[in-house]
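Chain by chain, the residues:
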Amino acid sequence: MTLTALLSTLVLLALIDSTSVGTLLIPVWLLMTPERVRVDRYFIYLFTVSGCYFVIGLIIMFGTDAFLNQYAPLMESKPFLLGQLVIGILLMIISQLMDTKKSRARAAERARSGEGYILKWRARVTGETVSNRISITILIGLALAAVGLELGTMLPYLAAIGVLVREGPAWPMSGILLLGYCFVMILPALILLAGRLLAYPILKQPLAKMDSWLVNNAQNAAAWIIGIVGFLLTVNAVYDLGWVS
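What comes next concerns the included structure. What you see is a predicted model; the values in this text were computed from it and never measured.

### Observations regarding unusual backbone geometry
So, point 1. W171 connects to P172 through a cis peptide bond whose omega is 10°.
So, point 2. By the element assignment, P172 lies in the loop between helix 8 (155-167) and helix 9 (173-198).

### Re helix 4 (residues 78-98)
So, point 1. Over its 21 residues, helix 4 runs 30 Å from end to end, which matches the ideal 30 Å to within 8%, given 1.5 Å per residue.
So, point 2. Inspection of helix 4 places L81, Q84, L85, G88, S95 and M98 among the buried residues, and these make up the whole buried set. What you see down the axis of helix 4 is that its buried residues fit within an arc of 155°, all on one side. Exposed residues pointing more than 90 degrees away from the buried face of helix 4 are listed as K78, P79 and L97.

### What about a nonpolar patch on the surface?
So, point 1. Together, V86, I89, L90, I93 and L97 make up a nonpolar patch on the protein surface, roughly 460 Å² of accessible area in all.
So, point 2. Note that I89 resides in helix 4.
So, point 3. Residue classification places I89 among the partly exposed residues on the basis of a relative accessible area of 38%.

### Notes on the pattern of salt bridges
So, point 1. Overall, the coordinates contain 2 salt bridges when judged by the stated rule.
So, point 2. When the shortest N-O distance is used, the salt bridge between D40 and R38 registers 3.5 Å.
So, point 3. Of the residues examined, D40 reaches a relative accessible area of 37% and is grouped as partly exposed.
So, point 4. Notably, a salt bridge pairs R41 with D40, separated by 3.8 Å at the nearest N-O pair.
So, point 5. For R41, a relative accessible area of 4% corresponds to the buried category.

Reading the values: the criteria
- Residues numbered from 1 in each chain as written.
- Predicted model: local features only at pLDDT ≥ 70, side-chain atom pairs only at ≥ 80, totals over all residues.
- Heavy atoms only, no water.
- Helix = DSSP H or I, 4+ residues; strand = E, 2+ residues; numbered from the N terminus.
- Expected span 1.5 Å × (residues − 1).
- Buried < 20%, exposed > 50% of the residue type's maximum accessible area, 1.4 Å probe, protein only.
- Arc of directions from axis to C-beta.
- Patch = residues over 30% accessible without salt bridge, like charges linked within 9 Å, V, L, I, M, F, W, Y side chains within 5 Å.
- Areas by Shrake-Rupley, 256 points an atom, 1.4 Å probe, with all protein chains shown as cover.
- Salt bridge = Lys/Arg side-chain N within 4 Å of Asp/Glu carboxyl O.

Given below as structure tokens:
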């Protein structure tokens, strides 16, 4: 593969990765605050996410064989798979309990009164209601949680690492390309930040509408995410246990 083809492939995969929850949805949520955007907190979040991806990428690039040799037997054992099955079922039950008409109505009412948990969390991560140290800790925790949530769905990233391992240059150039990939992942979020800072009067109304929708539907969205994760864990465990062919 030529260098141009390699770079084009990596950029395309990185742009696909840039549309995930951690690299786009949460940054948009942070930008939709009616208060002044805390640029420093925004950078802390984005660079924590991209840094985690970079470290995970390095581990995969250099430690795949050792990891599989050591942990594959455990992850394929019956007790492990049964535990995974139980967790998956519990997550689906929790999802259903969160997504009842009564709970949605309660969440919408709290959101309209300014007491919704999504508003409280945003106030915490931006430092409006807690100290700087605590808010930064919460913000980093949010970034780590977003990366953890995406571990099972980072197919473009895994494909990019596969391209680098098979077709890319030797170390350290491969590491530099991986770092560039992680930067391209957060580039759309950085462009949105620039738009928020430079064109807020124009974007204020659309952002307010998006914010209102997100706040009113946050519990429903969270329930769907939890349910999907639970479903995938359950199906994977059932398949690996050999209960279906």
